[in-house]
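# Observations on chain architecture
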Number of protein chains: 2
Amino acid sequence: MSTPMGNGAGPHRPTMADVARVAGVSLKTVSRVVNHVPTVDPALVEKVLAAVSELGFRRNDMARNLRSRSTSGTVGLLIEDLANPFYSAIAAAAAECAIDHDAMLITASSEEDGERERRLLLSMCERRVDGLLVVPAAEDQGYLRTEIEIGTPVVFLDRPPTNLRADTVLIDNEQGAREAIEYLVAKGHERIGVLSDWLRIYTMRQRLSAAEAALERAGVPYRPDLIRDGLHTIPDTEAAVERMLDSDQPPTALFALNNRLTLGALGVLNRRRSDVALVGFDDFETAALMPHPLTIVSHDAGELGRVGAELLFRRIAGEQSRPQTVVVPTRLVERSAG
Amino acid sequence: MSTPMGNGAGPHRPTMADVARVAGVSLKTVSRVVNHVPTVDPALVEKVLAAVSELGFRRNDMARNLRSRSTSGTVGLLIEDLANPFYSAIAAAAAECAIDHDAMLITASSEEDGERERRLLLSMCERRVDGLLVVPAAEDQGYLRTEIEIGTPVVFLDRPPTNLRADTVLIDNEQGAREAIEYLVAKGHERIGVLSDWLRIYTMRQRLSAAEAALERAGVPYRPDLIRDGLHTIPDTEAAVERMLDSDQPPTALFALNNRLTLGALGVLNRRRSDVALVGFDDFETAALMPHPLTIVSHDAGELGRVGAELLFRRIAGEQSRPQTVVVPTRLVERSAG
């Protein structure tokens, strides 16, 4: 059975009661599934989702009866930390794109906490957002499947989802990391330190493995003491760089896999007036003003927000094509004023 | 006539029809006023607002009939530019505070455009936000009076409103600018250049007049050629600083009245390897990494967002006290690593 997709509230638009009847469950059970009550029997959830899919039920049809407009006119954006310039560039671009589509953006920070991610996204769904833009932090995004089934499109930014298929916009981490290592190797460096945040973050794993592969291809001996991960704050990074520089065979160059790691390394290199070379992933506004020679794996973070929001608004408008992945390129830029 | 303020939907809660009857106008007129249709006769607007005030009508009472929760659970934040770290710090703190109050934050950028401000704020009101946090850009915020009357509290951040009384959180611009000039004068400077953004921005007028007063108190001769306003972009600022430094009597020190102006000045001073002293209003993450000696008028931008959001949620919870103004202090910090 198929359902007409027009905007009017036609007589055949399926209701929650229809879903309950087809699924053979109570209306209360349908309501609990649709509202993400976590204690529903998984077998009942499957029955409800099957009926939702068969009938083409969409929750926003319900909202149409309650409101003068057919949508809430808001979309949600979940990022790690709105105060980090990488994420505020994404948010600014997504907010602008939302306004161009007569919508407004709800924003919240996951703080890289999976449980908080889940809670904030479901809280956005409770507010009947028309769609979600998500930089995922949790290990699994399967909990969004119900929401997607009942008609809230989701686009992932910077990191792909786990246990879910959906549109995704990524940075070309492999290209960026490879070019950074090739640049340092071409400059004659053989002891290259790599600074990484938590490896449970997708971009860190991608960048680190691409860097390791590039080092191997260049014939640079593998040096586990020069690879440090788990550095999530600037003080963590500073301490790790200090230790690396104080070791018997210190690196002659560092590759920092995100903007926070770059700032931590810069602090130490500046204080020591060190001539250790530095390449950092992610551009930042004052990169060109730094006294220390600095090369940046540059990309347009705003582009992630823009492309992701455009994909989302096409889905909200009804586009039904298969989920796609878009990759935003990187560019190596020598940024030093020195 | 007064109305009980409890949460239940009591029989005496005034409706738009009551407002229409008391005002002696049609229901349609009430609806047009409540929904900010701009073409309503001002005399009719006054009649409707008088009835709103007499009856204690609140629009959210209407929403209670349509939704399972009594509020939309969202608040709006309008800032100049989400990608500017001063504003993203405000947004991050306000978003966090919203979550603590079971609400979520809708964010948009005015781009310092008064008409855009009005359009975006009324667009937030259409989405039935529970309250608004606003860095005002327009010359007049009188257009928000209806919205405030029908029960949407508004708190202003960084700049006070015009033609409206409401809670306001400001930075201590006078203290910051005075201490900056006193610091430079104590270092022996007599030719101090001042760099300002557009003077229609409240903070610029406050900081510039406090700087001029401090220069006068210090007995430094007034030099109009050393005061430049209207610098809104980094390239504008760079060009102005170049011209100032190339003049017959160049400044020996510069005072930049916001973070963008500081970055513009730093770019020129770095390129020229100039020893002109620099004090900048607004801290920024990489200030301590700059090669050029840099002193900062530091303040906690997040504090503006936090204090403003706390005030807003107290109003949303029903606090009826007179509007208050809170001033966040500044602190002069020598930030140079050099």
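Residues numbered from 1 in each chain as written. Chains lettered and ligands numbered in written order. Predicted model: local features only at pLDDT ≥ 70, side-chain atom pairs only at ≥ 80, totals over all residues. Heavy atoms only, no water.

Looking at an unreviewed UniProt entry, one finds chain A named LacI family transcriptional regulator and attributed to Rugosimonospora africana.

## Brief notes about the domain arrangement of chain A
Counted only if it meets this: Marked domain ranges trace back to an automatic or database domain assignment.
With domains assigned, chain A is organised as domain 1 (16-55), domain 2 (69-170 + 302-328) and domain 3 (173-298). Computed from C-alpha coordinates alone, the two centres of domain 1 of chain A and domain 3 of chain A are separated by 50 Å.

## Some details on the pattern of salt bridges
Residue and element names in this part refer to chain A. Rules: One speaks of a salt bridge when a side-chain nitrogen belonging to Lys or Arg is within 4 Å of a carboxyl oxygen belonging to Asp or Glu. Only DSSP runs of H or I reaching four residues or more are called helices, and only runs of E reaching two or more are called strands; each is numbered from the N terminus. Each residue is placed in one exposure class: buried if its accessible area under a 1.4 Å probe, protein chains only, is under 20% of its type's maximum, exposed if it is over 50%, and partly exposed if it falls in between.
Under the definition given, this model contains 34 salt bridges over all chains. One salt bridge connects E242 with R271, and the closest N-O pair in it is separated by 3.9 Å. Here the residue E242 occupies a position in helix α10 (residues 234-245), and R271 occupies one in helix α11 (residues 259-272), the gap between them amounting to 29 residues. Taking the relative accessible area as the measure of exposure, R271 reaches 55% and is therefore exposed. Residues joined in a network through salt bridges with shared partners are E238, E242, D246, R271 and R272.

## Topic: the environment of B:A211
Residue and element names in this part refer to chain B. Test applied: Contacts are assigned to residue pairs that have any heavy atoms within 4.5 Å of one another.
Along the chain, A211 falls in helix α9 (residues 202-217). Taking the C-alpha atoms as reference points, A211 and Q175, 36 residues apart in sequence, are found 9.5 Å from one another. The residues touching A211, leaving out its near neighbours within four places in the chain, are A177, I181 and F255.

## As for helix α3 (residues 42-55) of chain A
Residues that lie three or four places apart on an α-helix share one face, since the helix turns once every 3.6 residues. All names here are of chain A. Under the convention used in this document: Helices are assigned an expected span. That span is 1.5 Å times one less than the residue count. Taking the helix axis as origin, the arc is that swept by the directions to the C-beta atoms. N or O atoms closer than or at 3.5 Å make up a polar contact, with two conditions inside protein: a donor-capable atom paired with an acceptor-capable one, and, for residues adjacent in sequence, both atoms drawn from side chains.
With 14 residues, α3 extends 20 Å between its outermost C-alpha atoms, agreeing within 8% with the 20 Å of an ideal straight helix rising 1.5 Å per residue. What α3 keeps buried is the set V45, V48, L49, A51, V52 and L55. Mapping the buried residues of α3 onto a view down its axis gives an arc of 160 degrees, with all of them on the same face. Elements that come into contact with the buried residues of α3 comprise α1 (16-23), α2 (27-34) and α7 (145-149). N-cap assignment for α3: the residue whose side-chain oxygen lies 2.9 Å from the backbone N of A43 is D41. The first or second residue beyond α3 is G56, which carries a positive phi of 70 degrees.

## Side note on the sheet that holds strand β8 (residues 253-256) of chain B
Whenever strands of a sheet pair, they do so through backbone hydrogen bonds, lying parallel or antiparallel. Residues and elements named next belong to chain B. Spelled out, the test is: At least two DSSP bridges between two strands are needed for those strands to be called paired.
Reading across the sheet, the six strands line up as β7-β6-β8-β9-β10-β12 and stay open at both edges, with mixed pairing between neighbours. Only two strands of the sheet have a single neighbouring strand rather than two, namely β7 (227-228) and β12 (331-334). Looking at chain direction, β8 and strand β9 (residues 277-281) are connected through four bridges and run parallel. Its bridge partner being in β9, F255 is matched across the sheet by V279.

## Looking at the state of the cysteines
Residues and elements named next belong to chain A. Note the cut-off: In plain terms, two cysteine sulfur atoms within 2.5 Å form what is called a disulfide here.
All told, the structure shown has zero disulfides over all chains when counted by the stated rule. This cysteine, C97, is not joined by any disulfide, and C125 carries the nearest cysteine sulfur, 19 Å off. Judged by relative accessible area, C97 falls into the buried class, the value being 3%.

## Digging into the packing of helix α10 (residues 234-245) of chain B against helix α11 (residues 259-271) of chain B
Residue and element names in this part refer to chain B. Keep this limit in mind: For every element, the axis is a line fit to its C-alpha atoms; helices are fit only across the contacting stretch, and the angle between N-to-C directions ranges from 0 to 180 degrees. For this classification, under 35 degrees means roughly parallel, over 145 means roughly antiparallel, 65 to 115 means roughly perpendicular, and everything else is oblique. With the far helix as reference, a near helix turned anticlockwise by less than a right angle produces a left-handed crossing, and one turned clockwise produces a right-handed crossing. Amino acid classes used here: Ala, Val, Leu, Ile, Met, Phe, Trp, Tyr, Cys and Pro are nonpolar; Asp, Glu, Lys and Arg are charged; the rest, including Gly, are polar.
With their axes 8 Å apart at the nearest point, α10 and α11 run at an angle of 50 degrees to one another. Classified by the interaxial angle, the pair formed by α10 and α11 is oblique. Remark: the crossing between α10 and α11 carries right-handed chirality. Here I234, T237, E238, V241, E242 and L245 of α10 lie close against α11, whose contacting residues are R260, L261, L263, G264, A265, G267, V268, L269 and R271. Considered class by class, the residues forming the contact of α10 with α11 number eight nonpolar, three polar and four charged.

## Some remarks on the pairing of strand β4 (residues 154-157) of chain B
Residues and elements named next belong to chain B. A two-sided burial pattern is seen for β4, the buried positions comprising V154 and F156 on one face and V155 and L157 on the other. Judged from the three bridges that link them, strand β3 (residues 132-134) and β4 form a sheet pairing that is parallel. Considered in β4, the bridge of L132 is made with V154.

## A word on the relation of the copies chain A and chain B
Selection criterion: The copies were overlaid with a least-squares fit restricted to C-alpha atoms from residues scoring a pLDDT of at least 70 in each copy.
Superposing chain A onto chain B requires a rotation of 180 degrees together with a translation of 0.0 Å along the rotation axis, leaving an RMSD of 0.1 Å. Look at the turn and shift together and you get a two-fold axis relating the two. Taking C-alpha positions as reference, the residue of chain A nearest the rotation axis is A:I106, located at 2.1 Å. Both copies present the same face, since 100% of the interface residues in chain A are matched by interface residues at the equivalent positions in chain B.

## As for the packing of aromatic side chains
All names here are of chain A. This is how it is decided: Any two of the Phe, Tyr and Trp rings considered here, Trp counted by its six-membered ring, make a pair once their centres fall within 6.5 Å; the pair's planes then place it as stacked at under 30 degrees, edge-to-face at over 60, or tilted in between. Criterion for a charge above a ring: Arg CZ or Lys NZ at most 6 Å from the ring centre, at most 35 degrees from the ring normal.
Summed over the entire model, instances satisfying the criterion amount to two aromatic pairs over all chains. Both rings, one in F86 and one in Y87, keep their centres 4.9 Å apart while their planes meet at 75 degrees; by these two values the pair is edge-to-face. By relative accessible area, F86 is classed as buried at 9%. The ring centre of F281 lies 3.7 Å from the NZ or CZ of R207, which sits over that ring.

## Observations concerning the sheet that holds strand β1 (residues 74-79) of chain B
Pairing is mixed across the open sheet formed by 12 strands, whose spatial order is β11(A)-β5(A)-β4(A)-β3(A)-β1(A)-β2(A)-β2(B)-β1(B)-β3(B)-β4(B)-β5(B)-β11(B). Each edge of the sheet is formed by a strand with only one pairing partner; in this case those strands are β11 (325-328) of chain A together with β11 (325-328) of chain B. Taken over all neighbouring pairs, the strand axes of this sheet differ in orientation by 20 degrees on average, direction set aside. Bridging between strand β5 (residues 167-171) of chain A and β11(A) involves four bridges; their strand directions are parallel. Residue pairing across strands places A:T168 opposite A:T325, the latter belonging to β11(A).

## A few points about the interface of chain A and chain B
Note the threshold: For any pair of parts, buried area is found by adding up, for both, the accessible area (1.4 Å probe) each one loses once the two are put together.
With 40 residues of chain A at the contact, the number on the chain B side is 40 residues. Taken together, both faces of the contact between chain A and chain B bury some 3,100 Å²; the carbon and sulfur share is 62%. By the criterion of area lost to chain B, the three top residues of chain A are A:M104, A:R127 and A:L289, representing 22% of everything that side buries. There are two salt bridges connecting chain A and chain B. In this structure, B:E96 and A:R116 form a salt bridge, with 2.9 Å as the shortest nitrogen-oxygen distance. Inspection of the chain A/chain B interface yields 11 residue pairs in polar contact (both at pLDDT 80 or more). Mapped onto the side of chain A that touches chain B, the elements with two or more residues apiece are α5 (85-100), β2 (104-109), α6 (114-126) and α11 of chain A.

## Thoughts on the packing of α1(A) against α2(A)
Residues and elements named next belong to chain A. Taken N-terminus to C-terminus, the directions of α1 and α2 make an angle of 110 degrees; their axes are 8 Å apart at the nearest point. By the criterion of interaxial angle, the relationship of α1 to α2 is roughly perpendicular. α2 is crossed by α1, and the crossing has right-handed handedness. Two secondary-structure elements touch here, α1 through M16, A17, V19 and A20 and α2 through L27, V30, S31 and V34. Of the residues in the contact of α1 with α2, the class split is seven nonpolar, one polar and no charged.

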